[in-house]
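# Observations on the three-dimensional arrangement
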Amino acid sequence: AFVSPTLDGKITDYYEWKGAACYIPGGFGGSMFEGSSLIRKICYGFDIDHLYLLFDWDRESNEFKDPAVVILCKFSLEEEVFLEISIAKKAVYLYRKNESSNIQREEIKTKEISVVAEVKIGFQSLGIKAGEKIEFLAEVHKGQLVIERWPKDRFFTFTAPQPNFPFEQWVV
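Report follows, based on the coordinates. Everything numeric here is computed off the predicted structure, so don't read it as measured data. (Residues numbered from 1 in each chain as written. Predicted model: local features only at pLDDT ≥ 70, side-chain atom pairs only at ≥ 80, totals over all residues. Heavy atoms only, no water.)

What follows concerns the overall build of the chain. Along the backbone of the chain there are two helices and twelve strands. The linear arrangement of helices and strands in the chain, starting from the amino end, is β-β-β-β-β-β-β-β-β-α-β-β-β-α. Computed over the C-alpha atoms, the radius of gyration of the chain is 16 Å, within 12% of the 16 Å expected from 2.2 N^0.38 for a compact globule of 172 residues. Projected onto the principal axes, the alpha-carbon positions of the chain cover approximately 45 × 45 × 35 Å. Out of the 172 residues in the chain, the part that is buried amounts to 44%. Intrachain contacts of the chain at a sequence separation of at least 6 include 53% that bridge at least 24 residues. Total accessible area on the chain stands at roughly 9,900 Å², and carbon and sulfur atoms take up 50% of it. Of the side-chain charges in the chain, 21 are positive and 26 negative, and the distance between the mean point of each set is 3 Å. (Helix = DSSP H or I, 4+ residues; strand = E, 2+ residues; numbered from the N terminus. Rg over C-alpha atoms; globule rule 2.2 N^0.38 Å. Buried < 20%, exposed > 50% of the residue type's maximum accessible area, 1.4 Å probe, protein only. Contact = heavy atoms within 4.5 Å. Areas by Shrake-Rupley, 256 points an atom, 1.4 Å probe, with all protein chains shown as cover. Lys, Arg positive; Asp, Glu negative; His and termini not counted. Charge placed at Lys NZ, Arg CZ, Asp CG, Glu CD.)

Next up on the list: the state of the cysteines. Tallied over the entire structure, the rule returns one disulfide. Two residues, Cys-22 and Cys-43, share a disulfide whose sulfurs are 2.2 Å apart. Classification of the bridge connecting Cys-22 and Cys-43 rests on its S-S torsion, roughly 105°, and on that basis the disulfide is right-handed. Separated by 21 residues along the polypeptide, Cys-22 in strand S1 (residues 21-23) and Cys-43 in strand S2 (residues 39-46) bring together distant segments of the chain. We classify Cys-22 as partly exposed; its relative accessible area is 42%. (Disulfide = S-S within 2.5 Å.)

Here the focus is the packing of aromatic side chains. Throughout the structure, instances matching the rule amount to 15 aromatic pairs. Ring geometry for Tyr-23 and Trp-150: centres 6.2 Å apart, planes at 50°, overall tilted. One end of the pair, Tyr-23, is in strand S1; the other, Trp-150, is in strand S11 (residues 145-150), and 127 residues separate them in sequence. Like Tyr-23, the residue Trp-150 is buried in the burial classification. Taken together, the ring pairs in this structure connect Phe-2, Tyr-23, Tyr-44, Phe-46, Phe-75, Phe-123, Phe-136, Trp-150, Phe-156, Phe-158 and Phe-165 into an aromatic cluster. For Arg-59, the ring lying beneath its charged end belongs to Trp-57, and the centroid distance is 5.6 Å. Positioned above the aromatic ring of Tyr-93 is the side chain of Arg-105, whose terminal nitrogen or guanidinium carbon lies 3.8 Å from the ring centre. (Phe/Tyr/Trp six-rings, centres within 6.5 Å; stacked < 30°, edge-to-face > 60°. Lys NZ or Arg CZ within 6 Å of the ring centre and 35° of its normal.)

Following this line, the structure appears as structure tokens:
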């Protein structure tokens, strides 16, 4: 379902992210316990024009107080595109590498980072058209070092909605 969360850096109410896909990292599904994760929850959802992301992190850890520690959302698109979320700086940047390998950086203003990080970005800004399959992953970086990757061995995947999306989801 479409989502339209309030970008206030907190879970405003139970229904705010209802309809979004949510992923809780952890040591599930294997025979060995993997330990605790810096990222506690990742949610993603959309409306007709925008992608919404939510990141909840371990606030008992001091890692995200370090400006060198960031969350990178890497998109599998024709162009190299990723979002950098800095909890310490309360900033979100969109990076895009074009054909000539020039990297463009744009600050994303539609975000709020407080108890959780909530980000809204237009599909057009990402270079995504309606009906296109989108794959992305999230990594926690400390400088050039990857601390965590979610999901571990695949991508988050969805299709950018077309105008008739609400009707396609309707079930009698």
